[in-house]
Amino acid sequence: VMTAAAAWGDQPAVTLQNPSFEQGTNGYWVNRPTRVRIDTETSSHGMQCLGLELPAQEAVSTVQFVPNRTGMTYRLALDVKGDPGTSLQVKLMLQGRKPIMFWMPPGHKAAEYAVTPVSGWTRREFVFGPLPEQAQGQQVEKIGFYLDAAAGNNPGKVWLDNLTLTVLPAMTAAVKNG
């Protein structure tokens, strides 16, 4: 039996568009574009990163879609840092011709996909899978990785950089997220 860590190390990464934000937000959908800045003052990889400027009690979503590979398990890894009181929630959207639903692997909870950013860059990993072929009677064609950054009672900022996505056949081993 192969351990999860050993299995991931042997797998090629899925090509993400603009994983270190070197071409701005090209390849990403952002729900509040006026709250997003390309930051050239800090980065964990490359020359710049994505900075999300968060008003108190509000969130900003950054999303990238990739083709669904039915029955596969996905590992999204990213570098994150943030101001005190901010948070990051990673969610997975199943999509056919239109959005179907947010999806959570059976037996997992949203808290496993949440991060409290700290002041320095930290590498975090999140595993989703195996992914279904259909949901709510619709064919799942694409999946969207939602990165939802939010502020608490005070405004704050979250930075994201160096996203990678790896795909592996469905695993039975328990995987710890975060």
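Residues numbered from 1 in each chain as written. Predicted model: local features only at pLDDT ≥ 70, side-chain atom pairs only at ≥ 80, totals over all residues. Heavy atoms only, no water.

A.B. asks: Quick question: what am I supposed to make of the packing of aromatic side chains here?
C.D. replies: Each aromatic ring pair is described using two quantities: the centre-to-centre distance and the angle formed by the ring planes. Across all of its chains, the model carries seven aromatic pairs by this definition. Taking 6.5 Å as the distance between ring centres and 55° as the angle between the ring planes, the aromatic pair formed by W29 and Y146 counts as tilted. Taken together, the positions of W29 in strand β2 (residues 29-30) and Y146 in strand β13 (residues 142-151) put the pair 117 residues apart, joining distant regions of the chain. A connected cluster of aromatic rings, assembled from ring pairs, spans Y74, Y113, F126, F128 and F145. (Phe/Tyr/Trp six-rings, centres within 6.5 Å; stacked < 30°, edge-to-face > 60°. Helix = DSSP H or I, 4+ residues; strand = E, 2+ residues; numbered from the N terminus.)

A.B. asks: Would you take a moment to explain the side chain of N68 for this structure?
C.D. replies: Within the secondary structure layout, N68 lies in the loop between β5 (59-67) and β6 (72-82). Taking relative accessible area as the criterion, N68 reaches 13% and is therefore assigned buried. Side-chain polar atoms of N68 contact the backbone oxygen of P132, separated by 3.2 Å. Excluding its chain neighbours within four sequence positions, the residues that come into contact with N68 are Y74, L131, P132, V140, E141, K142 and I143. (Buried < 20%, exposed > 50% of the residue type's maximum accessible area, 1.4 Å probe, protein only. Polar contact = N/O pair within 3.5 Å; in protein donor to acceptor, adjacent residues only side chain to side chain. Contact = heavy atoms within 4.5 Å.)

A.B. asks: Got a minute to help me understand unusual backbone geometry in this structure?
C.D. replies: Most peptide bonds take the trans form, and the phi angle of most residues other than glycine is negative. Along the chain, G129 connects to P130 via a cis peptide bond; the corresponding omega equals -5°. Secondary-structure assignment places P130 in the loop between β10 (122-128) and β11 (134-135). Here the phi dihedral of Q57 falls at roughly 60°; this positive angle occurs in a residue that is not glycine. Along the chain, Q57 turns up in the loop between β4 (49-54) and β5. For Q57, a relative accessible area of 56% corresponds to the exposed category.

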